[in-house]
Amino acid sequence: MDWLNSILQGVLVGGLYAMFAAGLSLIFGVMRLVNIAHGDLVVLAAYLALVVTQALGMGPLASLLVIAPLMAAIGYGLQRWLLNRTLGDDLLPPLLVTFGLSVIIQNGLLEIFSPDSRKLQAGAIETATIPLTPDLSIGVLPLVQFLVAVVMIGALQALFYRTAWGRAFRATSDDQSTVQLVGVDNRHVFGLAMGLSLAVVSVAGVFLAVRANFDPSMGPARLIFGFEAVIIGGLGNLWGTLAGGVVLGVAQAIGAKIDPGWQLLAGHLAFLMVLAVRPEGFFPRVQA
Amino acid sequence: MSGAFTLTRGTGVSRLVAIGAFAALAGLACAPLWAQASSLNLLTQIFAYVALATMWNLLAGFSGLVSVGQQAYVGIGGYALFALTIFWGLHPLAALVVAGVIGGLIAIPVAGLLFRLRGAYFAIGSWVVAEVFRLLASQISALGGGSGTSLPARIVTGMADGRQAREFMIYWTGLALVVVVIGLTIALLRSRWGLALRAIHHNELAARSNGVEVTRIKLLVYAVAGFGTAMAGALIFLQKLRISPDAAFSVNDWTAFVIFMAVIGGIGRIEGPIIGAVVFFFLRQTLSDLGSLYLMMLGLVAIVIMLRAPRGVAGWLADRFGFEPAPLERRLVHAKSNPESKPEPSHV
Amino acid sequence: MRDLLTICGLDAFYGDFQALFDVSLRVGEGEVVAIVGSNGAGKSTLLKSIAGQIATRRDAISFDDAPIGGERTHVLLKRGISLVPEGRRLFPSLSVEENLLIGGEHGRKGPWTLARVYDLFPVLAERRNQRSTSLSGGQQQMVAIGRALMSNPRLLLCDEISLGLAPIVVREIYERLPQIIGDGMSLVIVEQDILQALAASARVYCLQEGRVTLEGDSRSVSRETIAAAYFGV
């Protein structure tokens, strides 16, 4: 039962990893950009949630009404005024500029909020559980987090494959010069994609802040978890990303069960194993 | 016109620079005669960073392998030095060389995994690998586990006769490391492998269809970088005398700063990392009291340079003054004209 | 006939290489103009300049009496200039219908709708849910034309629509031209196939090495004149 409980927790944490991954996967899909600052932006959203809940007296989930649009605006601006200038055939500029951004965000948060770890209080929901069997119960908060991840990925999937925005995203991804011939401004689409990515990031940031302690140095590890989920799941497949997050979460849970020092290592090893035996991931996008 | 052209690689400036470089090297080699211990210490740190930045430049600037995980090899080098001296009683200098070899050997299977990832995903993958080594290092209880360990006094004192001799030895090792690493890089880039590398960098598909064995050359470069970086790591922790997983595998210290140096100095140029390291240490000596504000500033400077002058200081010098101290490409020069006066840059 | 497009003294460059020299040309409202010339004569460059894919001097190109040279492509589409690019350039991850839909989503309002495109090319309706890459070359060309029409252009630019297609397919597409321009749309066709181009157009321009070497009436121009302008003999 103990093991089952650990695995169940791992599955639920996987939802959070899928949220990190979805934002990363989205911008890679649309503009082949890998944002090294992605994890630091998750942490930035967590701190914004801290400020907003304290200043406006809102609950963590309600604070998303403020934070998600704010982060989306930051994302759009960042893309239009900074990152669009780095896109081209050369790999280095976008990588190094987002790397610089990561350093700036991390140290900016340190400067403002100190290295002390913080936590967002969500009230009674934090300790609430649903008993499944006499020995096994499931936390309400992790469950909510997982369900939000599922709904979010479903919504992104629908947006991508059923709406005009999604068509513009996919067409821009296919051919950013021809897409202008149908009246789409590729620079604007890139901005929208980054805005959407950071809106997703803001949800992940709030859950990160509610779940456990957070501090300014946590960003890079979130980037890595998201990245591992993307690769395990298979590039370009959003549902695969969810599966990748779950695999990572379960691997970490099993590792932690064996030895607390093995939690992260087990996750990384699962990722490297997938890379070794199935480098295209479990659910790669089917190419025509 | 027939037969009136010759192939040359040198420019007039480059010969002058070569003379200047030897003079500087001689001066630096004699530094223990005139410099204080603290200056020697600082110079050794600069040497280690020049070596790290040169190796990163070889990967990212010349071969398109953008890594943010080279701290893996710094840590491997440091830990190998500690293990070899403590468990097997090797002399630290011998251990430093062996640590480099270990780094190069570990790089080969790692490359087998990482080369499955393209472009930017290779970068993050390399970071994961560094994390794995950090976590593994914290499992080695004989070397202090997560909290690390110090180099035992008997090893430190047994290295050389007296404190001063030890400091000189570490200093000269650092200088030798820079010479070896830069020499290795230039030799590699001027070899036929180097020509192929630049072909890969310009167009991987075209290079592959021309029969260039892309993967094998990239593997060679990655292993050489692992070798040089691990030696630098061994030197760094020989100087620090204390190692811990967080210090040895720090992404900030061994990758962020190194990238900053390469960007400032000029990515894809031999002299770039040297210029970058000097600028970095100048900034550090004057501004590091600002703490995280200083780091934010470094990030900002790197972004501005990447956008405004992506070829860095060295590239700017080359564009503005034609200053090319270490040209890698052969040029076609009209034999009758003075090759010194106006080289026609024609890539051969 | 009122001029919709006027080009006056247009030079165009790819980096240091000059591809067009002092090109002048006009297209009347509702007129079909053909541009012929050998490979590398600058025909595609000319269309790309009109569609904003190549930077040009602002006043070198006027559309509807306003200077548009160097305007961004997506802005020009909203003003009514649509290009069917050489090689079709469909979006491979979009279905046939999605390729058509995206063509209409950012353009002008007008008579062209999904239903009307399917009327024009019934075969596309049958394959609406297939990926565009699974279609034959001719069908792909129909999607490319349909995608451009969905934006309800006032000026349609077609770059080498017969390239790589079987003669019977080319004839089939050209037979639809009257339906396409029926609402008074202006059309510029670039072709290597001179006879096809002359048959479909009212006026013809010949380009050679980036310069206009002939301008004439498609019905009355003689083959010898064309050949002279084409090959520069």
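A. Geometry of the overall build of chain B. In terms of helices and strands, chain B carries 16 helices and four strands. Here chain B, with 348 residues, has 51% of them falling under the buried criterion. A separation of at least 24 residues holds for 77% of the contacts in chain B among residues at least 6 apart in sequence. Element-wise, carbon and sulfur atoms account for 65% of the exposed surface of chain B, whose accessible area totals about 15000 Å².

B. Expanded view of the sheet that holds strand β5 (residues 66-67) of chain C. Residue and element names in this part refer to chain C. The antiparallel open sheet is built from four strands, whose spatial order is β2-β1-β4-β5. Looking at which strands have only one partner, the edges of the open sheet turn out to be β2 (17-28) and β5. Along the sheet, helix α1 (residues 43-50) contacts β1 (3-14), β2 and β4 (61-63); its crossing angle with β1, the most-contacted strand, is approximately 115°.

C. View of the interface of chain A and chain C. Of the residues lining the interface, 21 residues belong to chain A; the matching set on chain C comes to 23 residues. Broken down residue by residue, the surface that chain A buries against chain C is led by Arg-167, Leu-181 and Val-182 of chain A, which jointly contribute 34%. Counting the contacts that link chain A with chain C gives four salt bridges. Elements with a minimum of two residues in the side of chain A that touches chain C: α6 (164-174) and α7 (186-211) of chain A. Among the residues making up the side of chain A that touches chain C, the classes are represented as ten nonpolar, five polar and six charged.

D. Representation of the pairing of β2 of chain C within the structure. Residues and elements named next belong to chain C. For β1 and β2, the ladder comprises eight bridges, and the chain directions are antiparallel. Looking at the pairing, Ile-7 lines up with Leu-25 of β2. If you look at the hairpin formed by β1 and β2, you'll find two residues sitting between the two strands, and Gly-15 has a positive phi there, around 60°.

E. Here's a closer look at a nonpolar patch on the surface. A contiguous nonpolar surface patch, about 330 Å² in accessible area, is contributed by Val-97, Val-101, Leu-105 and Ile-108 of chain B. The topology assignment puts Leu-105 of chain B in helix α5 (residues 92-114).

F. Region of interest: helix α10 (residues 223-231) of chain C. Residue and element names in this part refer to chain C. Buried within α10 we find Ile-226, Ala-229 and Tyr-230. Down the axis of α10, the buried side of the element spans an arc of 100°, and every buried residue falls inside it. Of the exposed residues in α10, the ones pointing more than 90 degrees away from its buried face are Glu-224 and Phe-231. In this structure, the buried residues of α10 make contact with β3 (32-36), α9 (194-200), β9 (203-208) and β10 (211-217).

G. Examining empty space enclosed by the protein more closely. Scanning the entire structure with this criterion turns up four cavities of 30 Å³ or more. Its boundaries defined by the atoms lining it, the largest cavity holds a volume of some 150 Å³. Together, 16 residues line the largest cavity, and Val-103 of chain A together with Ala-256, Phe-260, Gly-299 and Ala-302 of chain B are the ones closest to its centre. Mapped onto the lining of the largest cavity, the elements with two or more residues apiece are α4 (92-113) of chain A together with α13 (251-265) and α15 (292-308) of chain B. The element best represented in the lining of the largest cavity is α13 of chain B, accounting for six residues. Tallied by class, the residues present in the lining of the largest cavity amount to 13 nonpolar, three polar and no charged. Considering only enclosed or pocket space, the second largest cavity measures out at about 50 Å³ in volume.

H. How the structure looks around the packing of α6 of chain A against helix α3 (residues 96-105) of chain C. Running from N to C, α6 of chain A and α3 of chain C point in directions that differ by 105°, and their axes come no closer than 10 Å. Compared by their axis directions, α6 of chain A and α3 of chain C come out roughly perpendicular. Only Glu-98, Leu-101, Ile-102 and Glu-105 of chain C of α3 of chain C make contact with α6 of chain A, whose side of the interface consists of Ala-164, Arg-167, Ala-168, Arg-170 and Ala-171 of chain A.

I. Representation of the pairing of strand β6 (residues 81-84) of chain C. All names here are of chain C. Neither face of β6 is exposed, since Ile-81 and Leu-83 on one face and Ser-82 and Val-84 on the opposite face are all buried. Here β6 pairs with strand β7 (residues 155-159) via four bridges, running parallel. Paired with Ser-82 across the two strands is Leu-156, which belongs to β7.

J. Highlighting the packing of aromatic side chains. Residue and element names in this part refer to chain B. Evaluation of the coordinates by the stated rule reveals 25 aromatic pairs over all chains. A ring pair is formed by Phe-47 and Tyr-171, whose centres lie 5.5 Å apart and whose planes are at 50°; its orientation type is tilted. One end of the pair, Phe-47, is in helix α3 (residues 37-63); the other, Tyr-171, is in helix α8 (residues 162-190), with 124 residues separating them in the sequence. When its relative accessible area of 6% is taken as the criterion, Phe-47 is described as buried. With 6.1 Å between their ring centres and 25° between their planes, Tyr-79 and Phe-249 make a pair best called stacked. Of this pair, Tyr-79 sits in helix α4 (residues 71-88) while Phe-249 sits in the loop between α12 (245-248) and α13, and the two are 170 residues apart along the sequence. What makes Phe-249 buried here is its relative accessible area of 5%.

K. Seen up close, helix α11 (residues 214-240) of chain B. The end-to-end C-alpha distance of α11 of chain B is 38 Å, a good match for the 39 Å that 27 residues give at a rise of 1.5 Å each. Positioned one or two residues after α11 of chain B, Leu-241 of chain B has a phi angle of 65°, which is positive.

L. Layout of the interface of chain A and chain B. The interface of chain A with chain B comprises 42 residues on the first partner and 38 residues on the second. The interface formed by chain A and chain B contains zero salt bridges. Joining chain A to chain B, the criterion identifies four residue pairs in polar contact (both at pLDDT 80 or more). Element by element, the count of residues in the side of chain A that touches chain B is highest for α4 of chain A, at 15 residues. Its residues assigned to classes, the side of chain A that touches chain B comprises 31 nonpolar, seven polar and four charged.

M. A look at the environment of Ile-19 of chain B. Residue and element names in this part refer to chain B. The residue Ile-19 is located in helix α1 (residues 12-29) in this model. On the basis of relative accessible area, Ile-19 is assigned to the exposed category, the value being 58%. Separated by 227 residues in sequence, Ile-19 and Asp-246 have C-alpha atoms that sit 41 Å apart.

N. Focus on the sheet that holds β10 of chain C. Residue and element names in this part refer to chain C. The strand order across the open sheet formed by six strands is β6-β7-β8-β3-β9-β10, and the pairing between neighbours is mixed. Strands at the two margins of the open sheet, each flanked by one partner only, are β6 and β10. Looking at each pair of strands side by side, their axes are set apart by 15° on average, direction ignored. The pairing of β3 with strand β8 (residues 186-191) spans five bridges and is parallel. Looking across to β8, one finds that Ile-35 is bridged to Val-190. Most of the contacts of α1 go to β7, to which it runs at about 150°, and overall it touches β3, β6, β7, β8 and β9. The sheet strands contacting α10 are β3, β9 and β10, and the helix crosses β9 at an angle near 35°.

Calculation criteria
- Within any chain, residue numbers begin from 1 and follow the written order of that chain's sequence.
- Labels follow written order: the first chain is A, the first ligand is 1, and so on.
- Residue-level local features of this predicted model are given only where pLDDT is at least 70; pairs of side-chain atoms are given and counted only at 80 or more, and the full residue set underlies all totals for whole chains, interfaces and linings.
- To get the side-chain values, all heavy atoms of the structure are used, and hydrogens and water are removed first.
- Secondary structure elements follow DSSP: runs of H or I of four or more residues count as helices, runs of E of two or more count as strands, with numbering from the N terminus.
- Buried means the residue's accessible area, taken with a 1.4 Å probe over protein chains only, is under 20% of the maximum for its type, while exposed means over 50%, and partly exposed covers the values in between.
- In this analysis, two residues are considered to be in contact whenever any of their non-hydrogen atoms come within 4.5 Å of each other.
- For accessible areas, the Shrake-Rupley method is used with a probe of radius 1.4 Å. Any residue's cover is judged against the shown protein chains and nothing else.
- A pair of strands counts as paired when DSSP detects no fewer than two bridges linking them.
- Each axis is a line fitted through C-alpha atoms, taken for helices only over the stretch in contact, and angles between the N-to-C directions span 0 to 180 degrees.
- The quantity reported as buried area is the accessible area (1.4 Å probe) lost by two parts once they are put together, taken as the sum for both.
- A pair is scored as a salt bridge if a Lys or Arg side-chain nitrogen falls within 4 Å of a carboxyl oxygen belonging to Asp or Glu.
- For this classification, the nonpolar set comprises Ala, Val, Leu, Ile, Met, Phe, Trp, Tyr, Cys and Pro, the charged set comprises Asp, Glu, Lys and Arg, and every other residue, Gly included, is treated as polar.
- Residues with no salt bridge and a relative accessible area higher than 30% make up the patches, which join like charges within 9 Å and nonpolar side chains (Val, Leu, Ile, Met, Phe, Trp, Tyr) within 5 Å.
- What the arc describes is the spread of directions from the helix axis to the C-beta atoms.
- In this analysis a 1.4 Å probe is tested at points of a 1 Å grid over the protein atoms alone, and where it fits but cannot get out there is a cavity; an open set with protein on both sides within 12 Å along at least five of seven lines is a pocket; lining residues have an atom within 4 Å of a point.
- Grid points are joined across faces, edges and corners, and a volume is the space filled by probe spheres set on the points.
- The scheme is simple: roughly parallel for angles under 35 degrees, roughly antiparallel for over 145, roughly perpendicular for 65 to 115, oblique for anything else.
- Ring pairs are drawn from Phe, Tyr and Trp, using the six-membered ring of Trp, whenever the two centres fall within 6.5 Å, and their geometry is named by plane angle: stacked under 30 degrees, edge-to-face over 60, tilted for the rest.
- Each helix should span, by expectation, one fewer than its residue count multiplied by 1.5 Å.
- N or O atoms within 3.5 Å of each other form a polar contact, as long as, within protein, one can give a hydrogen and the other can take it, and as long as residues adjacent in sequence are counted only when both atoms are side-chain atoms.

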